[in-house]
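# Coordinates in review
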Amino acid sequence: MYLAYGWPQSIPLDPDDSDRVVLLRVLGRYLLAVCPASLHLWSAAQHRVRLARFDRSLDSLAAHGQNAHAVWSPDAKTVAVLTSSFYLHIYKVQFSGKPLIVGGKQLPGLCLASISQIIAEKVPLANGVAITSNFVCDSKSMLLGLSNGHVQVVSWNAEFPDSFKLGCSQCSAEKSTAIVDALVFDPPSLRENSNARPAPCCTGNSSIVHVELSVKLRLLVALYSGCHIALCTIGKKGLKQPGGIRVERWLDTDDAMCTSVASEQQILAVGCSRGVVELYDLAENARHIRTISLYDWGYSVEDTGPVACISWTPDNCAFAVGWKCRGLTVWSVSGCRLMCTIRQTGSNSASSPMVKPNALKFEPLMGGTSQIQWDDYGYKLFAVEESLSERILAFSFAKCCLNRGLSGTTYSHQILYGEDRILLVQPDDADELKLLHLNVPVSYISQNWPVLHVVASSDGMYLAVAGSHGLVLYDLRNKRWRVFGDVTQEQRIQCKGLLWLGKIVIVCNYVESSNMYELLFFPRYHLDYSSLLYRKPLLGRPIVMDVFEDYILVTYSPFDVHIFHVMISGELSPASSPVVQVSTVRELSIMSPKSPPVSMRFIPEQNDEGVLKRDTNGSSDLLSQQPSRCLILRMNGELSVLDMDDGHEHALTNSVELFWVTCSQFEEKGSLIKEVSWLDYGHRGMQVWYPSHGADPFKQEEFLQLDPELEFDREVYPLGLLPNVGVVVGVSQRMSFSTAEFPCFEPSPQAQTILHCLLRHLLQRDKNEEALRLANLSAEKPHFSHCLEWLLFTVFDADISSVARKTDGRHWADLFSAAGRSTEMFEECFQRRWYRTAACYILVIAKLEGPAVSQYCALRLLQATLDESLYELAGELVRFLLRSGRDFENATTDSEKLSPRFLGYFLFRSPYKRQSSDLKSNSMKELSPHIASVMNILESHASYLMSGKELSKLVSFVKGTQFDLVEYLQRERLGSARLENFASALELIGQKLRMDTLQSRLDAEFLLAHMCSVKFKEWIVVLATLLRRAEVLVDLFRHDLRLWQAYNITLQSHDVFREYLDLLNVLEEQLSSVSDLTLQNGPLS
């Protein structure tokens, strides 16, 4: 992950040309800034050097206008600029080829350049048509949006074919006469009665204000002025083939301002005018993932303004957000705030923190952010201030070791690394965690910038660091660097990954001359080809590697797994001549439609006591010793276990960003986490996986325990574990202020103990001896007394609430006068997300603090429990709120009731806006404010689940809260419950429900019964098809044979529905009694 460090650097632009920066773009080692009257080319590498500049003449500015939009070709050789008078200027960037010399040394990969204008053409636009969007481009063409809703493709030679409208399958004139999706749930009769806004492709009156292109996904995103977003596929020939561009899906928003696509993660980020960012999963039909905002830190849109720009890191693990009026923030995909330029007074501020006037100059980007751009490595974030465009600010970032790809996992140390340094987490004399900045030797990094891979040896004594070529080792004990003595040997290595196998460092080397990959085995005592222990050629480009003891895992694309065994003969020392042999012991080729793996880790075999199995007989049977399972983390966040004996993959959980296998790494004496098999981290927080020794050791219900204390922290991102003290080490942002213009960003390590979680786990399972042994091991640790207090507090806190429920209410005041104020204890439980314990205080608060306070607390808790899908608890809160709300309404006077402002918070705070809010029944409007606020929260949540087709959750929600689903369906038939297209609905709902499980079938039956009760024909067809309820379909189709005809055609025309062909045969046989005449003339009367 990405943490800012140091002071921002300033790159000057022309003060006389500082109205705004038109384009800010990084390609490779070059940074291009296009201003209204000039172009600036800078180096984006280790040294900031201006390489070229072009200034337009006054005559050119007067005739053609200032620069308004620009784009840079992927090969960095051409720049296209559109002026305010709609002239297209094409500039050629030519590099001299002579390396720059700084400090007496050549800078590899950088040379001076020149920029020259080669074309100036007037854009042929129809009368009244203007260019209203930015540029996007591929290697052949450019594309921009027009005010009439069309798009214009332009070649890099300034050739202008006719503009065209983005068309979809419903409105394209070239649509085939064959019926592809015959069953469309949006007939004209329903469309006329619906208040849903038509799509822009049908109205033609919306301009395109922003476009985004993902060449990898072959995806074009077009944002219209009406806040509609078109997701378009692109043909294999790219933008130059307009006929290949088709709208596949419309995303309807209310306030979209900009978009950004994460091609690797397949996520669409949409910046909104209300200051938030909405994330959508492009791999799952643009399903809404989550909303990211600064609301929790006390900042609203009044403070920051709308979102102005979004930029993803190169690996798509984080993204930067710039606001128009103030500030810049970097977030992880899960919503952890990694960096923020806005000064904070606390994470739980109830209102916007006040900023002193004399402190304004110390806050970067105080005037808003107009442009942001990451470099190609994620080490620099370049930003331009909205109100001060005479300079570019460059923020330095260090990256966490995410344990992905071709580099091994670092367990012995917690490490961040920047472009030229290592940031090592170490305790100081007072046992406080500090960051040690370890600079890579200048002699190495100046020629091999930047740092690309960092891995610590398993014994914690060495660091292996690799840049663009070669590698260096750092001896942590003696504080010395070890480098290649021969620079020519160093330049022969292009390191793509690093592993430690005991005292051997393994380099995944790319041989450019032969386009081959190989593993090089070097002893850590000597970096030289003369000491090379082994060279292992690889079959192709690996995507994932791991090592455990003597075994190496190498995975090739798409999913071919090879396991190698390493045998070492002789002592690894300069005085001997060790011999290394590598043999292949296992090969697997797995066909899987899932997203590709980004990390795989061996799971060692354990016996019934949870101890690693080791070879005690000296057996040479390698298959009996090697691990037979491994953990897989895929690109989409799915975590699973692969059985390498039979190739079976067992899914464990999803939405995971990183994980640590602990059972294999910390076997040394004094480790406190032997009871843990592995931990994973995502938007839910840290999940601790404990070993299970049942029939299915990886069954999630028996294997997983999520501790309340390890839930998601919005400011601390985990780095790893310190097993000897039983803590998780994380890092958060801090800023220090001095006389400098800007603050210094300082990543701050944070230690979170998990010892109390382990003790509770053992005690809950009656493992008292193991708990006592763990406590004795931990007695001298610095966090031990705190852990015991924390463990006692959690038990005491639960006991207080349970004692209160069993105690006569007349004595509650005495009880809580000793235990603490009930609202404060509720608030602490609420902030820690101990919602069940917090709910126990509601009745106490009502008794001691009054019904107004209890209503307020219960409403907050209801919204939180719905967000966490705790529907049984939500049902209890609903019943309390409705009962107490009626009592409160009857017992209080108007002056004692809750203020409309308070109730409005719950009437309108939901981030999900229902599509048919104007179709509410009059009964809702006639309810008392207390009951209406509850019903509004419930209906908003139902609409959120229904729109996302989270149907299993919807069933649990209805059952848990007794929500009136029938009335809701009648009201939302044309709103959030509407299905537009049978084929897409059947495929999506089938994926969501997964009909191969009993619970999903029961959920589908529950929904089908409710849909039948309201005669919701579209849903009945889909659910009855998934359940193969032929009798329901026959009863429906015999009264509407045109529907049967469309149903039959749709299922037969899609290959994905072949599994339903037997159902079609059954239906056709049962409907054969209907006469052919009726089939031709329409449904029976």
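Residues numbered from 1 in each chain as written. Predicted model: local features only at pLDDT ≥ 70, side-chain atom pairs only at ≥ 80, totals over all residues. Heavy atoms only, no water.

Going by what an unreviewed UniProt entry lists, the protein chain is known as RIC1 C-terminal alpha solenoid region domain-containing protein and is assigned to Eragrostis curvula.

## Notes on the packing of aromatic side chains
Under the counting rule described, the total for this entry stands at 28 aromatic pairs. On the numbers, 5.5 Å between centres and 85° between planes, the contact of Tyr-377 with Trp-449 is edge-to-face. In this pair, Tyr-377 is assigned in the loop between strand E27 (369-374) and strand E28 (380-385) and Trp-449 in the loop between helix H5 (442-448) and strand E33 (453-456), connecting sequence segments 72 residues apart. Residue class for Tyr-377 comes out partly exposed when judged on its relative accessible area of 24%. (Phe/Tyr/Trp six-rings, centres within 6.5 Å; stacked < 30°, edge-to-face > 60°. Helix = DSSP H or I, 4+ residues; strand = E, 2+ residues; numbered from the N terminus. Buried < 20%, exposed > 50% of the residue type's maximum accessible area, 1.4 Å probe, protein only.)

## Some remarks on helix H22 (residues 982-993)
At 3.6 residues per turn, the α-helix brings residues three or four places apart onto the same side. In this model, H22 (12 residues) spans 16 Å end to end at C-alpha, consistent with the 16 Å of a helix rising 1.5 Å per residue. Of the residues making up H22, those classed as buried are Phe-982, Ala-983, Ala-985, Leu-986, Leu-988, Ile-989 and Leu-993. Of the surrounding elements, those touching the buried residues of H22 are helix H20 (951-961), helix H23 (998-1013), helix H24 (1017-1027) and helix H26 (1041-1052). Where H22 begins, the side chain of Asn-981 points an oxygen toward the backbone nitrogen of Ala-983, at a separation of 2.9 Å. Directly after H22, the chain includes Arg-994, whose backbone phi takes a positive value near 50°. (Expected span 1.5 Å × (residues − 1). Contact = heavy atoms within 4.5 Å. Polar contact = N/O pair within 3.5 Å; in protein donor to acceptor, adjacent residues only side chain to side chain.)

## Regarding the packing of helix H13 (residues 822-831) against helix H15 (residues 851-867)
Packed helix pairs are characterised by how far apart their axes lie and by the angle those axes make with each other. Where H13 contacts H15, the two axes come as close as 12 Å, and the packing angle between them is 10°. Comparing their axes, H15 and H13 come out roughly parallel. Together, Thr-823, Phe-826, Glu-827, Phe-830 and Gln-831 of H13 and Val-853, Cys-857, Arg-860, Leu-861 and Ala-864 of H15 make up the contact between the two elements. Here the contact of H13 with H15 is composed, by residue class, of six nonpolar, two polar and two charged. (Axes fitted to C-alpha atoms, helices over the stretch in contact; angles between N-to-C directions. Parallel < 35°, antiparallel > 145°, perpendicular 65-115°, else oblique. Nonpolar A, V, L, I, M, F, W, Y, C, P; charged D, E, K, R; others polar.)

## Comments concerning helix H25 (residues 1030-1037)
Where burial is concerned, most of H25 is hidden: six out of the eight residues are buried. Residues Ala-1030, Val-1032, Leu-1033, Val-1034, Leu-1036 and Phe-1037 constitute the buried set of H25. Summarising the contacts, the buried residues of H25 are in contact with H24, H26 and helix H27 (1061-1070).

## Focus on the sheet that holds strand E44 (residues 579-589)
Taking strand neighbours across the sheet as the criterion, the four strands line up as E41-E42-E43-E44 in an open arrangement whose pairing is antiparallel. Looking at strand neighbours, the two that pair on one side only are strand E41 (542-548) and E44, the edges of this open sheet. If you compare each strand with its neighbour and ignore which way they point, the axes differ by 20° on average. (Pairing = 2+ DSSP bridges.)

## Side note on the nonpolar core
Phe-957, Trp-1019, Phe-1037 and Tyr-1047 are the most contacted members of the largest nonpolar core, which totals 83 residues. If we ignore the near neighbours within four places in the chain, the residues touching Phe-1037 are Val-1021, Leu-1043, Trp-1044, Tyr-1047, Leu-1067 and Leu-1071. If you look at the next biggest cluster of nonpolar residues, it comprises 57 residues, including Met-339, Ile-372, Phe-395 and Phe-712. (Core = buried A, V, L, I, M, F, W, Y, C linked by side-chain atoms within 4.5 Å.)

## Re the side chain of Ser-1000
By the element assignment, Ser-1000 lies in helix H23. Of note is the side chain of Ser-1000, whose polar atom sits 2.4 Å from the backbone oxygen of Leu-993. If near-sequence neighbours (up to four positions away) are discounted, Ser-1000 is found in contact with Leu-993, Arg-994 and Met-995.

## Here we look at the packing of H25 against H26
Direction vectors running N to C along H25 and H26 enclose 125°, while the axes themselves pass 7 Å from each other. Regarding the angle of H25 to H26, the classification is oblique. Within the contact between the two elements, H25 uses Leu-1033, Leu-1036 and Phe-1037 and H26 uses Leu-1041, Leu-1043, Trp-1044 and Tyr-1047.

## Concerning the pattern of salt bridges
Where charged atoms from two side chains of opposite charge come close, those side chains can pair. For the coordinates displayed, the defined rule picks out 33 salt bridges. Salt-bridge contacts for Arg-274 lead to Asp-255; the nearest nitrogen and oxygen are separated by 2.9 Å. Pair noted here: Arg-274 is in the loop between strand E20 (267-272) and strand E21 (277-281) and Asp-255 is in the loop between strand E18 (246-252) and strand E19 (256-262), with a separation of 19 residues, a long-range link. Note on Arg-274: relative accessible area 28%, which makes it partly exposed. The class for Asp-255 is buried, based on a relative accessible area of 12%. Close ionic contact of Glu-649 with Arg-634 constitutes a salt bridge, the shortest N to O distance being 2.8 Å. Of the two residues, Glu-649 sits in strand E48 (residues 649-653) while Arg-634 sits in strand E46 (residues 629-634), which places them 15 residues apart along the sequence. Since its relative accessible area comes to 16%, Glu-649 is described here as buried. Through salt bridges with shared partners, a single network forms among Asp-281, Glu-284, Arg-287, Glu-950 and Lys-992. (Salt bridge = Lys/Arg side-chain N within 4 Å of Asp/Glu carboxyl O.)

## Here we look at the sheet that holds strand E15 (residues 208-214)
Ordered by their spatial adjacency, four strands build an open sheet running E15-E16-E17-E18, and the pairing between neighbours is antiparallel. Looking at which strands have only one partner, the edges of the open sheet turn out to be E15 and E18. When the angles between neighbouring strand axes are averaged without regard to direction, this sheet yields 20°. Where E15 meets strand E16 (residues 219-224), six bridges bridge the pair, whose relative direction is antiparallel. When the sheet's bridge partners are listed, Glu-212 is paired in E16 with Val-221.

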